[in-house]
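Residue-level listing of the chains:
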Amino acid sequence: EQVNLTVMMQNILNEVALELEEKQITASNFLPHGLTVSGNASLLYSIFRNLTDNAIAYAGTGISITVRCFREDERFYYFSFSDTGIGVAPEHLSRLFERFYRVDKGRSRKLGGTGLGLAIVKNAVILHGGTIFAKNNPGGGLEFIFTLCKE
Ligand code: ATP
Ligand code: MG
């Protein structure tokens, strides 16, 4: 089915509006009007929803979240999902997508969660022909770069 990711992302931000306000988080959806891919709506939703929930849960208060499509070629859209929060220690970056992997057991236990979110994200991206990786931004905060097949 054709899925409008711009509308989907806007819906997610509306769904978490209260949490954003509680944590004084600013979220910007810079996806262009009508950005659409063909795929599975609930899997695509799980990508953007898990990344949003994680930024709210772990990045900190007063941060900002930015979603953009920074490139497009014949086959793919290229997305950046970033926050200005605390990021993760570099040794964790490559392991974030493993099932049940959590960075700070103590802190994370308090915050709940099972460590499955990013494994689900990665699977959903792969099922849509894409790839994903995470990096810390020089200015601070975690950034996820991923691609999704247009068709
Ligand atoms: P679940 O998603 O199943 O509820 P979870 O959020 O702990 O549990 P993941 O979504 O896979 O699991 O995330 C793995 C870990 O990555 C988190 O426990 C957290 O430590 C870290 N993490 C994820 N996103 C961020 C972020 N935006 N900033 C800082 N740390 C993050
Ligand atoms: Mg999560």
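Cut-offs used in this document
- Residues numbered from 1 in each chain as written.
- Chains lettered and ligands numbered in written order.
- Predicted model: local features only at pLDDT ≥ 70, side-chain atom pairs only at ≥ 80, totals over all residues.
- Helix = DSSP H or I, 4+ residues; strand = E, 2+ residues; numbered from the N terminus.
- Rg over C-alpha atoms; globule rule 2.2 N^0.38 Å.
- Buried ≥ 20, exposed ≤ 12 C-beta atoms within 10 Å, placed from the backbone.
- Contact = placed C-beta atoms within 7 Å.
- pLDDT = per-residue confidence, 0-100.
- Near = placed C-beta within 6 Å.
- Nonpolar A, V, L, I, M, F, W, Y, C, P; charged D, E, K, R; others polar.
- Pairing = 2+ DSSP bridges.
- Axes fitted to C-alpha atoms, helices over the stretch in contact; angles between N-to-C directions.
- Core = buried A, V, L, I, M, F, W, Y, C linked by C-beta atoms within 7 Å.
- Left-handed = near helix turned anticlockwise from the far one by under 90°.

Peer 1: Tell me what's going on with the overall build of the chain, and back it up with residues and numbers.
Peer 2: From N to C terminus, the chain includes five helices and seven strands. The order of helices and strands in the chain, counted from the N terminus, is β-α-α-β-β-α-β-β-α-α-β-β. The C-alpha radius of gyration of the chain comes to 15 Å, within 12% of the 15 Å expected for a compact globule of 151 residues. With 151 residues in all, the chain has 31% of them scored as buried. In the chain, the share of contacts with a sequence separation of at least 24, taken over all contacts with a separation of at least 6, comes to 66%.

Peer 1: Account for the confidence of the model for the chain, with residues named and values stated.
Peer 2: Taken over all residues, the pLDDT of the chain has a mean of 95, while the share at 70 or more is 95%. Reported for the predicted complex are a pTM of 0.96 and an ipTM of 0.99.

Peer 1: Before we move on, could you go through the site of ligand 1 and cite the residues and values that matter?
Peer 2: Residues in contact with ligand 1 amount to 23 residues; listed here are only the nearest, Asn54, Val103, Gly113, Gly117 and Leu118. A breakdown of the residues in the shell around ligand 1 according to their chemical character gives 11 nonpolar, nine polar and three charged.

Peer 1: Outline the environment of Cys69, listing residues and values.
Peer 2: Topologically, Cys69 is positioned in strand S4 (residues 64-72). In this structure, the C-alpha to C-alpha distance between Cys69 and Phe79, residues 10 residues apart in sequence, is 4.4 Å. The residues touching Cys69, leaving out its near neighbours within four places in the chain, are Leu31, Pro32, Leu35, Tyr77, Tyr78 and Phe79.

Peer 1: Which residues make up the sheet that holds strand S7 (residues 142-149), and what values go with them?
Peer 2: Across the sheet, which stays open at both edges, the five strands sit in the order S2-S4-S5-S7-S6 with mixed pairing between neighbours. Edge positions in the sheet fall to strand S2 (26-29) and strand S6 (132-136), since each of these pairs with one other strand and no more. For this sheet, the mean angle separating the axes of adjacent strands, direction not counted, is 20°. Here five bridges tie S6 to S7, and the two strands are oriented antiparallel to one another. Its bridge partner lying in S7, Ile132 is registered against Phe146.

Peer 1: So what about the nonpolar core? Which residues, and what values?
Peer 2: In summary, soluble globular proteins display a tendency toward joint burial of nonpolar side chains. One finds Ile47, Leu51, Val121, Val125, Phe144 and Phe146 to be the most contacted residues of the largest nonpolar core, which totals 31 residues. Looking at this core, the elements that each hand over two or more residues are helix H1 (5-15), helix H3 (41-58), S4, strand S5 (76-83), helix H5 (117-127), S6 and S7. Examining the composition of this core, we find that seven residues originate from one element, H3, more than from any other. Setting aside its immediate chain neighbours within four residues, Val121 contacts Ser46, Ile47, Asn50, Leu51 and Ile132.

Peer 1: Let's hear about the packing of H3 against H5: which residues, and what values?
Peer 2: Put simply, H3 and H5 touch, their axes get as near as 9 Å, and they point 145° apart. Considering only the axes of H3 and H5, their crossing is left-handed. Here Leu43, Leu44, Ser46, Ile47, Asn50, Leu51, Asp53 and Asn54 of H3 come into contact with H5, specifically with Gly117, Leu118, Ile120, Val121, Ala124, Val125 and Leu127. Each residue belonging to the contact of H3 with H5 can be placed in one class, and the counts come to 10 nonpolar, four polar and one charged.

Peer 1: I'd like to hear about unusual backbone geometry, residue by residue, with values.
Peer 2: Comment: phi is negative for the bulk of residues other than glycine, and the bulk of peptide bonds are trans. In this structure, Gln24 is a non-glycine residue whose phi angle is positive, near 50°. You can see Gln24 is positioned in the loop between helix H2 (17-22) and S2. With 11 C-beta atoms packed within 10 Å, Gln24 lands in the exposed category. Even without glycine at this site, Phe100 takes up a positive phi of about 70°. On the neighbour-count criterion, Phe100 (8 C-beta atoms within 10 Å) is exposed.

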